[in-house]
Amino acid sequence: MLSIAINRAKVLKPKPPQDKLGFGNYFTDHMFEMDYTEGRGWHDARIVPFGPISISPAAMVLHYAQETFEGMKAYRTSEGKIQFFRPLENIRRLNKSNKRICIPEIDENDFMDALRAVVNIDKDWVPSAEGTSLYIRPFTIATDEHLGVRASKTYKFYIILSPVGAYYPEGINPVKIFVETEDVRAVRGGTGFAKVGANYSATIRAQHRAEDKGYTQVLWLDGVERRYIEEVGTMNVFFKIGDEVVTPPLEGSILPGITRMSCIEALKSWGVKVSERRLSIDELFDAARSGRLSEAFGSGTAAVISPIGELDWDGERIAISGGKIGELTHKLYDFITGIQWGKIKDEFNWIMPL
Ligand SMILES: *Cc1c(COP(=O)(O)O)cnc(C)c1O
């Protein structure tokens, strides 16, 4: 067991109304914190009141973005119990991200102990209204006071918690997607497969351009040939073409989503043909023109499943599933969210109780 010192908040904050949560707006009373120093390893695990942190203005994370993060959730079941969805996958992925940018890995058991302890101390913050959950954001930052480009010798690891609202308070509505042909998100050999903060600021400009044109998100193409489909916004992406479900393969530039992995496992268990293969934008639009593209959706922890109702590529617009949610897309949404909130039997062993 990781030994964790606890410094309780003297004053607890009022909890926001559950119908006004939104995403990432409110934070709980406590956070987990732990330090790394070369030679000593990770040490001084503690839970402290949530609040500002103090680092040097020369802290390396602020200059060269040596930072990794995770995004996961805890769910409250109708019996009032709290449960995690595949937390070990997030723990392992953070360590893979850390490895990519030379941040020391964190012991999996220590990480799990920290997760349980911090969610447990703030368990009253896990909301209970339909569709709500507690979003969990673990992250690691480089803290050396130094301006040369190298790996830091000191780091801090935090876990902060944010109650979040229902993603679809008015029912699932398919989104309109703009195919981005100028900017790229990631390249093979880069950091696309890692959840590192540095990947996200470069995506904001394209996101703004898409929003200005009336679209919700962008569809990213590969950074080399600008042909192959990679992801949609900050989600993985799936297409149903004929009786095959296609999702791009994990070749280094795509984030290996845990929702993606769960969709693939569920679809295969239902006997659906799933192919992890390259899919070019030309092939996708050809399939749409010939009527073989019947469903499309994004997958990620925040929305779980986000159906795509329209795609715009260089001015050519295609509607998918008549702008409605596809049948298989809906089935996947009901299945995965059913397991997350404890409404469906967890045959896959995805759930871990608090
Ligand atoms: C986090 C993330 C995803 C989805 O991963 P999940 O584990 O399913 O939440 C997909 N793409 C990007 C770029 C991401 O950052």
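Now for a description of the structure that goes with this document. The structure displayed is predicted, hence computed values, not measured ones.

## Considering the overall build of the protein
Next up, step 1: When its secondary structure is counted, the protein shows seven helices and 18 strands.
Next up, step 2: Rg of the C-alpha trace for the protein: 21 Å, near the compact-globule value of 20 Å for 354 residues, within the 12% margin.
Next up, step 3: In the protein, which comprises 354 residues, the share counted as buried stands at 55%.
Next up, step 4: Considering only contacts in the protein between residues 6 or more positions apart, those separated by 24 or more positions represent 70%.

## Here we look at helix α3 (residues 108-121)
Next up, step 1: With 14 residues, α3 ought to run about 20 Å at 1.5 Å a step, and its terminal C-alpha atoms sit 20 Å apart, in line with that.
Next up, step 2: Listing the buried residues of α3 in full gives F111, M112, D113, A114, L115, V118, V119 and I121.
Next up, step 3: Between the side-chain oxygen of the N-cap and the backbone nitrogen of N109 there are 2.9 Å, and the N-cap of α3 in question is D107.

## Regarding the site of the ligand
Next up, step 1: If you check the shell around the ligand, you find 14 residues, and the closest are K195, Y200, E231, T259 and T301.
Next up, step 2: Within the side chain of K195, a nitrogen or oxygen atom sits 2.7 Å from an oxygen atom of the ligand.
Next up, step 3: Its free accessible area being 380 Å², the ligand has 95% of it covered by the protein chains.
Next up, step 4: Of the residues contributing to the shell around the ligand, the split by class is four nonpolar, six polar and four charged.

## As for the packing of helix α5 (residues 258-269) against helix α7 (residues 327-340)
Next up, step 1: Contact pair α5 / α7: the axes reach a minimum separation of 11 Å and the direction vectors enclose 110°. Classified by the angle between their axes, α5 and α7 sit roughly perpendicular to one another. Facing S262, C263, A266 and L267 of α5, the residues of α7 in contact are L328, L332, F335 and I336.
Next up, step 2: Of the residues contributing to the contact of α5 with α7, the split by class is seven nonpolar, one polar and no charged.

## So, the nonpolar core
Next up, step 1: Ranked by internal contacts, the top residues of the largest apolar core, which has 46 residues, are F32, F84, V119, I136, F157 and I159.
Next up, step 2: Ranked by the residues each element gives to this core, the list is headed by α3, at seven residues.
Next up, step 3: The residues contacting F157, other than those within four sequence positions of it, are F32, E33, M34, W42, L94, I106, F111, P138, F139 and T140.
Next up, step 4: Listed in part, the 26 residues of the second largest apolar core include F85, A266, A303 and Y333.

## Structural notes on the side chain of Q83
Next up, step 1: Along the polypeptide, Q83 turns up in strand β6 (residues 82-85).
Next up, step 2: Ignoring anything within four residues of it in the chain, the contact list for Q83 reads K73, A74, Y75, T77, I339, Q340, W341, G342, I351, M352, P353 and L354.

## Focus on a nonpolar patch on the surface
Next up, step 1: Among the surface-exposed residues, Y64, L147 and V149 lie close enough to one another that they form a single nonpolar patch of about 320 Å² accessible area.
Next up, step 2: Mapping L147 onto the fold places it in the loop between β7 (133-142) and β8 (154-164).
Next up, step 3: Among the residues examined, L147 registers a relative accessible area of 51% and is labelled exposed.

## Here's the deal with the packing of aromatic side chains
Next up, step 1: Tallying each qualifying case throughout the model produces 20 aromatic pairs.
Next up, step 2: Taking the centre distance of 5.4 Å and the plane angle of 65° together, the rings of F69 and Y200 count as edge-to-face. With F69 in strand β4 (residues 67-69) and Y200 in the loop between β9 (175-179) and α4 (204-212), the pair connects residues that are 131 residues apart, well separated along the chain.
Next up, step 3: For F69, a relative accessible area of 8% puts it in the buried group.
Next up, step 4: Between F335 and F348, the aromatic rings sit 5.9 Å apart at their centres with planes inclined by 85°, giving edge-to-face as the arrangement. Of this pair, F335 sits in helix α7 while F348 sits in the loop between α7 and β18 (351-353), and the two are 13 residues apart along the sequence.
Next up, step 5: F348 sits in the partly exposed class, given a relative accessible area of 25%.

## Points about the pairing of strand β2 (residues 30-37)
A regular strand carries its side chains on alternate faces of the sheet.
Next up, step 1: Counting buried residues along β2, seven of its eight residues qualify, which places the element largely inside the surrounding structure.
Next up, step 2: As paired elements, β2 and strand β3 (residues 41-49) share seven bridges and run antiparallel to each other. From the neighbouring strand, E33 faces β3, where its bridge partner is R46.
Next up, step 3: Linking two consecutive strands that pair antiparallel, namely β2 and β3, is a turn of three residues; a positive phi of about 95° is found at G39 within it.
Next up, step 4: Direction of pairing for β2 relative to β8: antiparallel, over a ladder of six bridges. The residue of β8 that forms the bridge with D35 is K156.

Conventions adopted
The written sequence of each chain sets the order in which its residues are numbered from 1. Only residues with pLDDT of at least 70 get local features here, since the model is predicted, and only at 80 or more are side-chain atom pairs given and counted; chain-wide, interface and lining totals rely on the full set of residues. Just so you know, side-chain values use all the structure's heavy atoms and leave hydrogens and water out. Secondary structure counts use DSSP, requiring at least four H or I residues in a row for a helix and at least two E residues in a row for a strand, with both numbered from the N terminus. In this setup the radius of gyration rests on C-alpha atoms only. A globule is expected at 2.2 Å times the number of residues raised to 0.38. The cut-offs for exposure are 20% and 50% of the maximum accessible area for each residue type, with area from a 1.4 Å probe on protein chains only; residues under the lower value are buried, those over the upper are exposed, and the others partly exposed. Any pair of residues with heavy atoms lying within 4.5 Å of one another is described as a contacting pair. Multiply 1.5 Å by the residue count of a helix minus one, and that product is the helix's expected span. The term polar contact refers here to a pair of N or O atoms within 3.5 Å; inside protein, the definition further demands a hydrogen-donor-capable atom paired with an acceptor-capable atom, and it admits residues adjacent in sequence only when both atoms are side-chain atoms. If a single non-hydrogen atom of a residue is within 4 Å of a molecule or strand, that residue counts as near it. The method behind every accessible area is Shrake-Rupley, applied with a 1.4 Å probe, and residues are considered shielded solely by the protein chains displayed. Put simply, Ala, Val, Leu, Ile, Met, Phe, Trp, Tyr, Cys and Pro go in the nonpolar bin, Asp, Glu, Lys and Arg in the charged bin, and everything else, Gly too, in the polar bin. Angles shown run from 0 to 180 degrees and are taken between the N-to-C directions of axes, each axis being a line fitted to C-alpha atoms and, for helices, limited to the stretch in contact. For this classification, under 35 degrees means roughly parallel, over 145 means roughly antiparallel, 65 to 115 means roughly perpendicular, and everything else is oblique. We call a set of buried residues a nonpolar core when its members are Ala, Val, Leu, Ile, Met, Phe, Trp, Tyr or Cys and they connect through side-chain atoms within 4.5 Å of each other. The patch calculation keeps residues exceeding 30% relative accessible area without a salt bridge and links them within 9 Å when they carry like charges or within 5 Å when they are nonpolar (Val, Leu, Ile, Met, Phe, Trp, Tyr). Definition used for salt bridges: Asp or Glu carboxyl oxygen within 4 Å of a side-chain nitrogen of Lys or Arg. The criterion for an aromatic pair is that two Phe, Tyr or Trp rings (for Trp, the six-membered ring) have centres within 6.5 Å, with stacked assigned to planes under 30 degrees apart, edge-to-face to planes over 60 apart and tilted to the rest. We call two strands paired when DSSP finds no fewer than two bridges between them.

Function cannot be read off these values alone, since they describe shape.
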